[in-house]
Amino acid sequence: ISFSASQVFFLQKEQFQTLSNIDYSKIFESLKTTPLTEYFISYLIRYTQTMLCAYDRQKEKDTELLDCVVNIYNFLLTKESDNECYILNRFQALRRKSDLLDEDKNLLLQIADKTTCNQNKIDAYLLYGDNRQAKLYYDKLSIKERKSYDLDSVNYFWKVNEKR
């Protein structure tokens, strides 16, 4: 499977961690000109996860990276407004910048309540700040699912929530 995309979509985690001259507006503009195939969207989700992991490791935090991730998910949400994955990933970037608004927290609880996907329940509770509830659903994952989940950028919030 192949897709046509700008070279900006091939920056690696290390580059996001160390380069200071990344033009995040080019990443977002390139997205708007790339056909949104199922394969490209899947790649884009993994790409934004890489961006968030890189942000977590940056010594000097570059909030433009977070703004870019939020813009990407805002754009994707214009195409599919109720997509839980888009909403949760957007909230990951927003919560790294500041506390979420009450209406955002309410939406997280709604997602946690209605979703049938345990990973999304865990994400919603972690982003809400409730490690105890997140752990209940994490414990329901298979060993294989846990190994995969442990690589996800949302895991950053286990530690953040413990510090509160």
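Reference entry: report on the structure contained in this document. Worth saying up front: this structure is predicted, and the values here are computed from it rather than measured.

**Section: the packing of helix 2 (residues 24-33) against helix 4 (residues 63-79)**
Working note: a packed helix pair is described by the angle between its axes plus the distance between those axes. Two elements in contact, helix 2 and helix 4, have axes separated by 9 Å at closest approach and are oriented at 15°. By the angle between their axes, helix 2 is roughly parallel relative to helix 4. Seen from above, helix 2 lies across helix 4 with right-handed handedness. Note on element contacts: helix 4 touches helix 2 through Glu64, Leu65, Cys68, Asn71, Ile72 and Phe75, opposite Tyr24, Ile27, Phe28, Leu31 and Lys32. Residue composition of the contact of helix 2 with helix 4, grouped by class: eight nonpolar, one polar and two charged.

**Examining the packing of aromatic side chains**
Throughout the structure, instances matching the rule amount to eight aromatic pairs. Three or more aromatic residues joined by ring pairs form one cluster here, namely Phe40, Tyr43 and Tyr47. Cation over ring: Lys61 sits above Tyr55, and NZ or CZ is 5.0 Å from the ring centre.

**Side note on the layout of surface pockets**
Here the largest pocket defines a volume of roughly 450 Å³. What lines the largest pocket is a set of 18 residues, and nearest its centre among them are Gln49, Ser148, Leu151, Asp152 and Ser153. Of all the secondary-structure elements, those providing two or more residues to the lining of the largest pocket are helix 3 (38-57), helix 5 (84-97), helix 7 (118-128) and helix 9 (143-149). Along the lines of polarity and charge, the residues of the lining of the largest pocket split into seven nonpolar, seven polar and four charged. Of the voids in this model, the second largest pocket is the one considered here, and its volume is about 250 Å³. When residues of the lining of the second largest pocket are traced back to their parent elements, those giving at least two are helix 3 and helix 10 (156-163). With five residues, helix 10 is the single largest residue contributor to the lining of the second largest pocket. Partitioned by chemical class, the residues of the lining of the second largest pocket number five nonpolar, two polar and seven charged.

The rules behind the values
- Residues numbered from 1 in each chain as written.
- Predicted model: local features only at pLDDT ≥ 70, side-chain atom pairs only at ≥ 80, totals over all residues.
- Heavy atoms only, no water.
- Axes fitted to C-alpha atoms, helices over the stretch in contact; angles between N-to-C directions.
- Helix = DSSP H or I, 4+ residues; strand = E, 2+ residues; numbered from the N terminus.
- Parallel < 35°, antiparallel > 145°, perpendicular 65-115°, else oblique.
- Left-handed = near helix turned anticlockwise from the far one by under 90°.
- Contact = heavy atoms within 4.5 Å.
- Nonpolar A, V, L, I, M, F, W, Y, C, P; charged D, E, K, R; others polar.
- Phe/Tyr/Trp six-rings, centres within 6.5 Å; stacked < 30°, edge-to-face > 60°.
- Lys NZ or Arg CZ within 6 Å of the ring centre and 35° of its normal.
- 1 Å grid on protein atoms, 1.4 Å probe; cavity = no way out; pocket = protein on both sides within 12 Å on 5 of 7 lines; lining within 4 Å.
- Points joined across faces, edges and corners; volume = space filled by probe spheres on them.

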